[in-house]
Each structure stands twice: as structure tokens, then as C-alpha cells.
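# A structural walkthrough
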Amino acid sequence: MAAAARRDPGAPGGEKRIMCVGLVCLDIISVVEAFPAEDSDTRCVSQRWQRGGNASNSCTVLALLGAPCAFMGSLAPGHAADFITADFQRRGVDVTHVAWQPCGDVPCACCIVSAASGSRTIVLYDTNLPDVTARDFERVDLSQYKWIHWEARNAEEQAAMIRRVERHNRARPAGERVRISVEVEKPREELLPLLGLGHVVFISKDLAQHFGYRSAPEALRGLHDRVQPGATLICAWAEEGADAVGPSGELVHSDAFPPETLVDTLGAGDTFNAAVIFALSAGRSLQDALTFGCQVAGKKCGIQGYDGIV
């Protein structure tokens, strides 16, 4: 199984890829009519297995949008990994740089999606599976990539990976440099140094609220001094849309594009991030990218899963 998964399909026409580094897990999703009361017995409307994890979900969206993309993260052999790698391959996501771990279990998330509200409640068993390391990343041929996105997890190792990209970029002309983006979702102190390492930095509503901010613009103003000079800082705020501050320092905003019926918000943030990266990597303006991200994320919230977002 592992050998079959280590394939490199190449990008059509020599187009450089986008890589996402982070978590892949097995999502077991139960759709219920309404969120159940504690200590109750409830039948679900439907249940499915789905490949999950922030970086993994963003790869799904990038592939659906037509971007050649690759995933880098850890897996351990077994039935869950068989399902996950088959789904990556079905989507056309390059899994050459999956790090196969000799011990540990594939993380699993039990997700309850309420049909009444569209809310998603996640209980993640994030196992003892080691994350990918800077040594794993040394095997990546950076010349094949135009953009690499990190989901903040093992921050010290990821910082070392980013420093390798920075060294690569210093030796290349502008047109051959790799753009770096970072998503900091969890309000964990050890992840915060990664805010200063991305050309594009995504912060979550949860992180902003952890610092006491009550809106995306307020969070951007308060956290902008944590990013490197010239970086773009982006914060999505659910039904309020999203805001960003680019290299010019100007605040840009996009309204949300909610679906007629809210169906499934699981992975909406990962969808937003991927759509913004897709647009920026194609040379679109920050305003256009922000709006596109909100549009695609809104469409995702109106369907189960990801098929149908384009």
C-alpha cells in the first residue's frame, strides 16, 4: 500500500505545484436532524467516512479548483491509511511526500453535523503519530513548487522547514521563489512564532478571540506587528465575511456569501484558505482573492462534503 501511494503524477504542462503541510485524519461524519442532548440515544440521517485534516482538506479544494497540488503529512499503515491514500489519488493529489511512520495510529475525528443548523461538532483523537519533520522536508525538491502552505502544528520543525525555503528563495530570482503561507488556528503559545514566518498568514476567529479581539479588523490591527514586514495577514469571521491587511497596510474586506440553506460547515475554513491561496498564486489581487475565498467557502457550506464547490 505505502509503495503504491508514493507516486508523483507531475503537473500538467510543467506547471509548478502548491503543497500543503499538516494533518490528515479519518473523519467519521454523522449527520443528525438536530444536535443530540447529552446522554441521549439518537439515530443519524446519514454517516460517511471522509478524508479530513486542515491541510488535507485544503488539498482537496485546490485540486477541485484545478491547481496541481501535493500533500505532506504523516500516516501509519492500516485500513484508515488505505482509505485516505485512495481518496488523495482519486482527487489527483500528489502524495509522494507522505511520511510513513513505523508506529502510531492514524488520527480519527468523530464529527456530528446538525442538519437543522449546519453546525459541526468535532471530537478528535489526535494520536501518538509523529508529525513530519524538517529532515523529512529535506527530500522535497523546492524547484517543483510555487507555494507551500503550513498548518501550524510542530512549530519548531515547521520553522526549520520554512527557513530552508527562505534559503532557497535567497538564491533564486523573484519568478522562481516559493511563496510561504501559514495558518495558525489553535491558540497555543508554541505556535505563535510561526506568525512571523509567512508571506501570507491566516489567523482563525478562535485565535483572535483568545487574544480578546471582537472582530476581524480589530484582530488584524492588534496582531499585525507579529507578522514580517510586507506580509499579508488574513482573518475570516464566519458569517461576517473576512478581512485582510496586505503589504500596503490597507484593510480590505469581503462580505460572506451564505448559501440559501446551511448544510455542512465542516471544512469551511480550510476551503476559504485554499481558495485564497489559489487566487493569490494565480496573481489575483488581495481583494479578489478574499472575495473568491468567501464565495467558495459559502458554496461549500451549502453542500455535504466538497463535490460541487466548482
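Further up the page is the structure itself.
The paragraphs below set out a description of the structure included in this document. Quick caveat, the model's predicted, so the values are computed rather than measured. (Residues numbered from 1 in each chain as written. Predicted model: local features only at pLDDT ≥ 70, side-chain atom pairs only at ≥ 80, totals over all residues. Heavy atoms only, no water.)

Formed by 44 residues in total, the largest nonpolar core has its most connected members in Phe71, Leu75, Ile234 and Phe272. At the level of secondary structure, the elements contributing two or more residues to this core comprise strand S1 (17-21), helix H2 (54-65), strand S4 (69-72), helix H3 (79-91), strand S11 (200-203), strand S13 (242-245), helix H8 (268-281) and helix H9 (286-301). Once residues lying within four places of it in the same chain are set aside, the contact partners of Ile234 are Val200, Val201, Phe202, Ile203, Leu220, Asp243, Ala244, Phe272, Val276, Leu286 and Leu290. Grouped together as the second largest cluster of nonpolar side chains are 43 residues, Val21, Val132, Ile180 and Ile203 included. (Core = buried A, V, L, I, M, F, W, Y, C linked by side-chain atoms within 4.5 Å. Buried < 20%, exposed > 50% of the residue type's maximum accessible area, 1.4 Å probe, protein only. Helix = DSSP H or I, 4+ residues; strand = E, 2+ residues; numbered from the N terminus. Contact = heavy atoms within 4.5 Å.)

Before going further, it helps to examine unusual backbone geometry. In the Ramachandran plot, Asp39 falls in the positive-phi region, its phi being about 60° despite a non-glycine side chain. Phi angles above zero are rare outside glycine, and Ala238 is one such case at about 50°. Inspection of the secondary structure assignment puts Ala238 in the loop between strand S12 (232-236) and S13.

As a further point, take the sheet that holds strand S9 (residues 145-151). Taken together, the eight strands give an open sheet; going across it, the order is S4-S1-S9-S10-S11-S12-S13-S14, and neighbouring strands pair in mixed fashion. Strands with a single pairing partner mark the edges of an open sheet, and in this sheet they are S4 and strand S14 (251-254). Adjacent strand axes in the sheet meet at a mean angle of 15° when their direction is disregarded. Sheet topology note: the S9/strand S10 (residues 179-184) ladder contains five bridges and is parallel. Bridged to Trp150 within S10 is Val182. In the packing of H9 onto the sheet, contacts are made with S12, S13 and S14, and the angle to S14 comes to roughly 30°. (Pairing = 2+ DSSP bridges. Axes fitted to C-alpha atoms, helices over the stretch in contact; angles between N-to-C directions.)

Turning to the pairing of S12, a few remarks are in order. Along S12, four of the five residues are buried, which leaves the element largely enclosed by surrounding structure. Pairing geometry for S12 and S13, over four bridges, is antiparallel. In the strand pairing of S13, Ala236 is matched with Ala242. Linking two consecutive strands that pair antiparallel, namely S12 and S13, is a turn of five residues; a positive phi of about 50° is found at Ala238 within it.

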